[in-house]
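# Examining the three-dimensional arrangement
Residues per chain are reported as follows:
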Amino acid sequence: MEAVVEGVSVISDLSSEEAKRFAYDQVEFLPGDYIQKSDDLLKRVGQQIVQGLKVTNIGAPTNSYKKATNTKASPLGGLGFLRLGEDGRLYLAAKSEHYHTPLGHNFPGYKLIDNARALGITNATHNNTRGYITRLLERELVRTANGLDQEDSAALDKIIDADEPHVLNRVINLETGSLACEAGIKMMLSKFYKLDASFPEPKYGDRIPVFFVMADNNGGGEGNYHGTTVIAQVMRDMWPGLYGRMQEAGILKICPVTPNDFEDFKTKFEKYNKPPYKAAGFLHEIIMMNYGGIRLEKEFLQKAYRLCHSNDTPVMCDEIQSCMWYSGMYLFRDYGLDPDFVAIGKGFPGGQYPASRIITTAEMDTLTQFGALVTNAQEELAALAYLITMKFSEENASYIRKMGEYYESRLEALASSYPLLIKQTEGKGHLSTIYFHKAEDVKTFTRICSENCIDISAQTYKANCPPAALTKPPTIATKKMLDYLIDTMNNILEKMTLENQNAVINQ
């Protein structure tokens, strides 16, 4: 900061004294009155609290985006777990704006980003000139991914220099979760194909790579989700014609495995880990938020990891959706796993910037700089957003765990009160889903929630997927906020039960 202050006082009109005020301004991350204001406004959720936007525009969307757009709920502003919609009504962000705002809207701690900008710290850098903040973030990601204390710099240096298998000590900065997963897939493929002509012959160049992913309940690939790049989409049964030709030509093969069924995984692994095939990689989420929020069991994953590690098959843990919603920030650590890749994004930058990362090992550091390149992925202010979110989450780990357990237990109790409507709950902590018996019931439930400005969504469109209502409150959610959410859902379920009973009587 001394260097920044010295520089800005020369190259801008900011005096040294003014620069120091920005540099050493102590910012309270979450003031009590901020939370109190958020809690006080809960009673006004669903109400029109301002006039709202009189004239809007539809943008220039594709047909699919246009069909899905809800401009009334689009943000005019927000506070914590609340969003002010264009219609002037107050909405409850019970799904954290689709999983990427763990600290809610306008988190006070992000004032540090404004201070950095006022000091002239540039956001734009490039791969060869990665800034100090970005490099600091890389070290912090390695430290936290390995569970080291903040003060243990000697242990961190030792880990960064390590070349043992399954030691996470490399970071590639990217823009989206899709690109993070894509980087991992490419590093897995590098054991089978050369990135360019300068590379040596790959270790398994004479074998067909087989990727193992989570299956849907029909045995197909729709249960997994690792982004929107072509290969990742092929893994979930998209582009079937393209995949058919790739498989026929022996380019690669995708093998879906049944969630939480190790015997199925082992049988398929042994089948495809011998010539002409080779197990190329195992890709998984821990909470399958794109398939009903199914939670993979710890024992299943630990057995699968042991099988993969003993057969030179790298594992990618995709934490794009789960990262930052658990104490310790990474759910894989809570499971006692040692992946070769960890893809993170969404929650880490707190909705301030699009910024993903993949953390990997020395063994899997197999690409050139241009093998996984994004020009503006090294943004300094995006890295600062990461550091702020990480600092707050690390200091408040016990609170995050406590509120996650509280929400999960209240949701389970709610579900048990309506057995005719609800089958069970799934997920873990803040990432929890509600399984309904009937798809029409979950659609009715989420529609009424939406009418009451409770932002959750229904998942009813995938192969044999349980009709699920998806929720994900921010990690700053208070007990009052969670109680409000559960009580509102209870009122809706009570009304639905009464309507169903009346319909039976009328029949």
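What comes next is a walk through the structure. (Residues numbered from 1 in each chain as written. Predicted model: local features only at pLDDT ≥ 70, side-chain atom pairs only at ≥ 80, totals over all residues. Heavy atoms only, no water.)

### Overview of the nonpolar core
Defined as follows: Only buried residues count toward a nonpolar core. Its members are Ala, Val, Leu, Ile, Met, Phe, Trp, Tyr and Cys residues joined through side-chain atoms within 4.5 Å. Three labels apply to residues, based on accessible area from a 1.4 Å probe with only protein chains included: buried if under 20% of the type maximum, exposed if over 50%, partly exposed otherwise in between. A run of H or I in DSSP becomes a helix once it reaches four residues, and a run of E becomes a strand once it reaches two; helices and strands are each numbered from the N terminus. Should any heavy atoms of two residues lie within 4.5 Å, those residues are counted as being in contact.
If you look at the biggest cluster of nonpolar residues, it comprises 85 residues, and the most contacted ones within it are Leu141, Phe212, Phe265 and Phe348. It is helix α15 (residues 380–395) that contributes the most residues to this core, 10 residues altogether. Filtering out sequence-adjacent residues up to four positions away, phenylalanine 212 remains in contact with Cys255, Val257, Phe265, Lys268, Phe269, Tyr272, Ala279, Gly281, Phe282 and Leu283. Listed in part, the 40 residues of the second largest apolar core include Tyr34, Leu42, Cys449 and Met481.

### Side note on the pattern of salt bridges
This is how the line gets drawn: By convention in these notes, a salt bridge is any Lys or Arg side-chain nitrogen within 4 Å of a carboxyl oxygen on Asp or Glu.
In total, this model carries 19 salt bridges according to the counting rule given. Two residues, glutamate 97 and arginine 83, come together in a salt bridge whose shortest N-O distance is 2.8 Å. A residue pair is termed long-range when its members are at least 10 positions apart, and glutamate 97 in helix α5 (residues 96–99) and arginine 83 in strand β2 (residues 82–85) qualify at 14 residues. Arginine 83 shares its class with glutamate 97; the two are buried. Lysine 391 is paired through a salt bridge with glutamate 395; the nearest N and O atoms lie 3.4 Å apart. One end of the pair, lysine 391, and the other, glutamate 395, are both in helix α15, 4 residues apart, so they sit about a helical turn from each other.

### Some points on the sheet that holds strand β11 (residues 341–344)
What counts here: Note: two strands are recorded as paired if DSSP finds a minimum of 2 bridges between them. Structural elements are reduced to axes, namely lines fitted to C-alpha atoms, with helices fitted over the stretch in contact, and the angle between N-to-C directions of any two is expressed from 0 to 180 degrees.
Strands sit in the order β4-β12-β11-β10-β7-β5-β6 across an open sheet of 7 strands; the sheet is mixed. Strands with a single pairing partner mark the edges of an open sheet, and in this sheet they are β4 (168–174) and β6 (253–257). With direction set aside, neighbouring strand axes in the sheet form an average angle of 20°. Looking at chain direction, strand β10 (residues 315–318) and β11 are connected through 3 bridges and run parallel. Residue pairing for β11: cysteine 317 is matched across the bridge by valine 342. Against the sheet, helix α12 (residues 262–271) touches β5 (208–214), β6 and β7 (277–284), its axis set at about 160° to β6.

### Side note on the packing of helix α7 (residues 132–145) against α15
Defined as follows: Crossings are classed by handedness, with left-handed meaning an anticlockwise turn of the near helix from the far one by less than a right angle and right-handed meaning a clockwise turn. All amino acids are sorted into three groups, where Ala, Val, Leu, Ile, Met, Phe, Trp, Tyr, Cys and Pro are nonpolar, Asp, Glu, Lys and Arg are charged, and the leftover types, Gly among them, are polar.
Look at α7 against α15: their axes get within 8 Å of each other, and the N-to-C directions meet at 35°. Read as a crossing pair, α7 and α15 show a hand that is left-handed. Packed against α7, whose contacting residues are Tyr132, Ile133, Thr134, Leu136, Leu137, Glu140, Leu141, Arg143 and Thr144, the element α15 presents Glu380, Ala383, Leu384, Tyr386, Leu387, Met390 and Glu394 at the interface. In terms of residue class, the contact of α7 with α15 is made up of 10 nonpolar, 2 polar and 4 charged.

### Here's the deal with the sheet that holds strand β14 (residues 431–436)
Note: strands within a sheet are paired through backbone hydrogen bonds, in either parallel or antiparallel orientation. Pairing is antiparallel across the open sheet formed by 4 strands, whose spatial order is β13-β14-β16-β15. This sheet does not close on itself; its edge strands, each paired only once, are β13 (422–428) and β15 (457–459). Averaged over neighbouring strand pairs, the angle between their axes works out to 25° when direction is ignored.

### Looking at the pairing of β10
Where burial is concerned, the two faces of β10 agree: the one with Val315 and Cys317 and the one with Met316 and Asp318 are both buried. With 3 bridges connecting them, β7 and β10 associate as parallel partners. Across the sheet, leucine 283 pairs through a bridge with methionine 316, a residue of β10.

### Notes on the side chain of aspartate 87
Relative to the helices and strands, aspartate 87 is located in the loop between β2 and β3 (90–92). Here aspartate 87 falls in the buried class, since its relative accessible area comes to 16%.

### Looking at unusual backbone geometry
In this structure, proline 276 follows proline 275 across a cis peptide bond, with omega equal to 5°. Of note, proline 276 is situated in the loop between α12 and β7. In the Ramachandran plot, serine 96 falls in the positive-phi region, its phi being about 50° despite a non-glycine side chain. Note on placement: serine 96 falls in helix α5.

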